[in-house]
Amino acid sequence: MINLNKKIISVISFATALTVAVSTIICAIAVTNSNDVIEPESNNNDNPLDRDNNYKKYNISQKIGKNELINEMVDSIIQDNNYIYVINEQKFITTMNKVIKDVLKNDINFSNNYNEFVIECSYKIITNLNIKIDLVWYLPNSQKKYYDQFDLLLTYY
Amino acid sequence: MGYYVNEIPNNKNINKYFYINKVNGILEIKDGKWFYNLSFFCINNFNLPLNSLLFDLCIPSQTVSEIYINLSPDQSAITNDIENYQYCKIYDCNFQIVVDGDKYFEQPLNQAMISHKVYMNFDPNPLNSYENKIQQDILDKMMNEVYNQKLSFDLIYSNIYYANNQLDCIDVDYKYDLYSQSISNSKIININYEMKNYQNSTNSIITLCSISSANYFNIIKTKVDFFYSINKNETKNLSYEVNAPTLKVNNFTLDFVGCTSFDSSTNIIIHNLDGLRGFFSPKNCTGYYTVELLIEINSVIKKIFFQNNYNFKDSIINFLINIQPTVINDLRKFKKVIF
């Protein structure tokens, strides 16, 4: 009886896992192929410090900062009778998409298959001048994942 | 402004059957239309019946044909010059033609020379009932002389004024007196103007230009173009028009309407008609602006074209995106996008 229950639970677990996996793949394909605006999703429970040995820290942020396209995420608006610059969230998403792919394309470690990487960009808007970013990128069929964490700061001069 | 008349030399030894002489005229511009009032003497050796002479007026835009010449009520203008003609008759040819100048001259004319030609013509029909029949060979010769008669005069005219100095005065011609063998006069109205030149940032409303006159004037239309180049890249254009007229004023000040914002992703300055007034651009922006004012003053329509350079220096702060490494240990309040 116990064995039977274990088997049933195993089957149900496997079916559930399969369903989740298929759904994830379908979603991933849908997101990847979509030309529409990318909508952010909430990130409920993920502690980056718990990442296992498959994750490798890779300093990509400095190259992102030097990429010329990065300025496209900035808007100028009028506030209190003054023009100020702010980071526009929707522009941030579309710009990061372009910038990261451009950086991977020009990085010798990723340039061969830069277009195949899945890029997970977790971000938190602290102010309209400051965004915290956790970036993970990996090939779908590879265990190995890369990540980097950085602050993006808009400053005046 | 000047004009000249191709007159037949008044050589008494040549027994011409027909010639024209002593041209006087007025050209008046009202509401963009040109009103001609020409008078000249037609001298012929026959007592030609009324309405036997016609003429065509050709100016670059259009031909006005079959305008009959009227007999002058005042024949006292006979001079000694024509006394030797056996059958002398003086015609005072007075007519008025309306030419829609602005309709034809859509392109701006800056001190353009406009040639006018008046071709004489002949209507033989009234002669059929003319009691003093003219011999056919003489009639043919006279008709030939009539056809070969033409007046021509050139007007120097401009419907646009290019304001180049910061402060100056514009002369608007509204009436031309046409005299034979002399420089004609034109009557003018003065418009004073002033252009501002901005080099530094300002928190005040940006005044592009101002005009004033002793006469009332109407601003029919305004067009403003800002040509700008950021970081010496390709020159782009920001343009807007104001079609609502400003009527019956002595002074007019044109301010920049609305405000601009800079889209750093496209390097384009965007014009917003709402909100604050001001022209905002990055400090590394140079260029010039042009203003076209279509004004009506004393029924004369004239376009005034202002052009002024601007160069913003040290006026607007720039921005930089810095990347700094950090440690994140909790992603629960983070949003996530997958590319």
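About the cut-offs
- Residues numbered from 1 in each chain as written.
- Chains lettered and ligands numbered in written order.
- Predicted model: local features only at pLDDT ≥ 70, side-chain atom pairs only at ≥ 80, totals over all residues.
- Heavy atoms only, no water.
- Salt bridge = Lys/Arg side-chain N within 4 Å of Asp/Glu carboxyl O.
- Buried < 20%, exposed > 50% of the residue type's maximum accessible area, 1.4 Å probe, protein only.
- Helix = DSSP H or I, 4+ residues; strand = E, 2+ residues; numbered from the N terminus.
- Expected span 1.5 Å × (residues − 1).
- Arc of directions from axis to C-beta.
- Phe/Tyr/Trp six-rings, centres within 6.5 Å; stacked < 30°, edge-to-face > 60°.
- Lys NZ or Arg CZ within 6 Å of the ring centre and 35° of its normal.
- Polar contact = N/O pair within 3.5 Å; in protein donor to acceptor, adjacent residues only side chain to side chain.
- Contact = heavy atoms within 4.5 Å.
- pLDDT = per-residue confidence, 0-100.
- Core = buried A, V, L, I, M, F, W, Y, C linked by side-chain atoms within 4.5 Å.

**Quick notes on the pattern of salt bridges**
Residues and elements named next belong to chain B. What the rule picks out here adds up to ten salt bridges over all chains. The salt bridge involving Lys-223 is made with Asp-225; its shortest N-O contact spans 2.7 Å. Of the residues examined, Lys-223 reaches a relative accessible area of 25% and is grouped as partly exposed. Residue Asp-225 is classed as buried on the basis of its relative accessible area of 5%. Asp-330 serves as the salt-bridge partner of Arg-332, at 3.0 Å between the closest nitrogen and oxygen. Looking at Asp-330, the relative accessible area reads 30%, which means it is partly exposed.

**Some points on helix H3 (residues 136–148) of chain B**
All names here are of chain B. Taking 1.5 Å as the rise per residue, H3 with 13 residues should run 18 Å; its terminal C-alpha atoms sit 18 Å apart, in good agreement. Turning to H3, its buried residues number three or more, namely Leu-139, Met-142, Met-143, Glu-145 and Val-146. Considered in projection along H3, the buried side chains sweep an arc of 160° and stay on one side of the axis. Turned more than 90 degrees off the buried face of H3, the exposed positions are Asp-137 and Asn-148.

**Section: the packing of aromatic side chains**
Residue and element names in this part refer to chain A. Scanning the model with the defined rule gives 16 aromatic pairs over all chains in all. Centre to centre, the rings of Phe-110 and Tyr-146 are 5.0 Å apart; their planes meet at 85°, and the pair counts as edge-to-face. On the criterion of sequence distance, the pair formed by Phe-110 in the loop between helix H3 (89–105) and strand E5 (118–127) and Tyr-146 in strand E7 (residues 145–156) is long-range, its members being 36 residues apart. Sitting over the ring of Tyr-138, Lys-145 keeps its end group 4.3 Å from the ring centre.

**Notes on the side chain of Ser-61 of chain A**
In this structure, Ser-61 of chain A sits in helix H2 (residues 61–66). Here the side chain of Ser-61 of chain A touches Asn-59 of chain A through a polar contact of 3.2 Å, side chain to side chain. Among residues more than four places away in sequence, those in contact with Ser-61 of chain A are Asp-148 and Phe-150 of chain A together with Ile-323 of chain B.

**What about the confidence of the model for chain B?**
All names here are of chain B. Summing up the model confidence of chain B, the mean pLDDT is 73 and the portion of residues at 70 or higher is 59%. Mean pLDDT across the secondary structure elements of chain B bottoms out at strand E4 (residues 63–68), with 52, and peaks at strand E14 (residues 246–255), with 94. Confidence drops under pLDDT 50 across residues 82–88; counting only partners more than four residues distant or on other chains, this segment forms 16 contacts. Scored as a complex, the prediction yields pTM 0.53 and ipTM 0.72.

**Re the nonpolar core**
One finds Phe-92 and Leu-152 of chain A to be the most contacted residues of the largest nonpolar core, which totals 83 residues. Considering every element that reaches this core, the biggest residue donor is strand E12 (residues 207–230) of chain B, with nine residues. With sequence-adjacent residues up to four places away left out, Phe-92 of chain A is seen in contact with Met-73, Ile-87, Cys-121, Tyr-123, Ile-131, Ile-133 and Leu-152 of chain A.

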